[in-house]
Amino acid sequence: MKYGRSYNFSAGPAMMPEAVLEEIRDEMMNKDGSGMCVMEMSHRSKVFEDIIHEAEQDLRDLMGIPDNYKVLFVQGGGTLQFAMVPMNLMKNGVACYVETGTWSKKAIAEAKKYGEVKVVASSKDRNFLYIPDCSDLDIPDNADYVYICENETINGTTFNELPNTKGHILVSDQSSMFLSRPCDVSKYGLIWAGVQKNVGPAGLAIVIIREDLIREDLATYVPTYMSYKTHADAESLYNTPNCWAIYCCGKVFKYLKNLGGLEAMNQMNIDKASILYDYFEESKLFTAPVEKKDRSLMNVPFVTPSAEQDAAVVKATVAAGFDNLKGHKSVGGLRASIYNAMPKEGVEALVAFLKDYEAKL
Ligand SMILES: *Cc1c(COP(=O)(O)O)cnc(C)c1O
């Protein structure tokens, strides 16, 4: 790769498109004749206002976000949203969660601080290696929302069909699949994503929320910063936002639009992931443990027959210049995160390496 860059299979922060990094480099010392870098710029300046408005508009175009949804740029990463969602949406104090792995478990634990949490489906019985049937969930009438983690980054599963929420609001953590495929926003009440997986630098979450869910009557203890209304009213400029991350994300939105949008991106992601999954089908050394119909196109876990062999393979990949293939410590094995910005050549090179490794055993 150019600049001696490596194929970085990290689950996040993760690769960004090289063309975007080059553009950012070119604007580093003087953005659009402003005489300064975006990092040095007032968030109240005209140049930055243009940056944030254009970023929002490009995101709206990409996802086809309906007019009755607000787009919010919020600090605190993904983790703050685990609390912000129940603090803002639990009106009756009851919410339903689907438990599919590490990140939904974190969301459940946090929501329990604010109200009653009903786990309406779980794949815990088989180690979170599949997405449970969500076609006929037992949802109480007074449930404020149904929550899913649409792509479990660590476990490597993804929802290919949304739950039947029986008229209740659907909330989705899309962090590790945001903008990887087309999305019908109108099916959700709220979508949120930490951007450092599939879009830009860490420290920013994007929240897409249906306007009627933005409440005025929050409990008085809810911090001002944690009310969606605060951010909606101030158009994400209530306080100093993460200007740099917003700028970088805006570049990625434009890049995706020029690439042909989310349909085109999805096709590329299907092609890339197939290269890996097809190999694991034929390999005698590696297996992909996730149930076929629920496999993520973004995070691809795989294992050898033993933990010792897993470790040996990880060591060999590092020596060969492939970064961050070690599986998360909670599940072991290996994991290749192949987000939008991972080039097809990177996946091909990895598979060629693993084939060669297997042949030499
Ligand atoms: C990484 C991740 C998070 C947490 O994001 P932070 O910005 O590190 O707080 C939440 N949900 C999912 C699905 C993730 O992959």
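Not measured: the values here are computed from a predicted model. (Residues numbered from 1 in each chain as written. Predicted model: local features only at pLDDT ≥ 70, side-chain atom pairs only at ≥ 80, totals over all residues. Heavy atoms only, no water.)

Asker: Would you mind going over the pattern of salt bridges in detail, with residue names and values included?
Answerer: It is possible for side chains bearing opposite charge to pair when their charged atoms get close. In total, this model carries 27 salt bridges according to the counting rule given. K251 is paired through a salt bridge with E23; the nearest N and O atoms lie 3.0 Å apart. A residue pair is termed long-range when its members are at least 10 positions apart, and K251 in helix α6 (residues 243-259) and E23 in helix α1 (residues 18-26) qualify at 228 residues. K257 serves as the salt-bridge partner of D58, at 2.8 Å between the closest nitrogen and oxygen. On the criterion of sequence distance, the pair formed by D58 in helix α2 (residues 46-63) and K257 in helix α6 is long-range, its members being 199 residues apart. (Salt bridge = Lys/Arg side-chain N within 4 Å of Asp/Glu carboxyl O. Helix = DSSP H or I, 4+ residues; strand = E, 2+ residues; numbered from the N terminus.)

Asker: Can you break down unusual backbone geometry residue by residue, with the values?
Answerer: Residue P13 is bonded to the preceding G12 through a cis peptide linkage, with omega at -10°. Looking at where P13 falls in the secondary structure, it is placed in the loop between β1 (7-8) and α1. Non-glycine residue L179 carries a positive phi angle of around 65°. With respect to the helices and strands, L179 occurs in the loop between β8 (170-173) and β9 (190-194). With relative accessibility at 3%, the residue L179 sits in the buried group. (Buried < 20%, exposed > 50% of the residue type's maximum accessible area, 1.4 Å probe, protein only.)

Asker: Can you explain the sheet that holds strand β2 (residues 69-74)? Please cite residues and give values.
Answerer: The seven strands lie next to each other as β2-β10-β9-β8-β5-β3-β4, forming an open sheet whose pairing is mixed. Taken across any chain shown, the strands that pair with only one partner, and hence form the sheet edges, are β2 and β4 (116-122). Taken pair by pair, the neighbouring strands of this sheet meet at an average axis angle of 20°, ignoring direction. Bridge analysis of strand β3 (residues 94-99) against strand β5 (residues 146-149) gives two bridges, and the strand direction is parallel. Note on β5: the bridge partner recorded for Y97 is Y147. (Pairing = 2+ DSSP bridges. Axes fitted to C-alpha atoms, helices over the stretch in contact; angles between N-to-C directions.)

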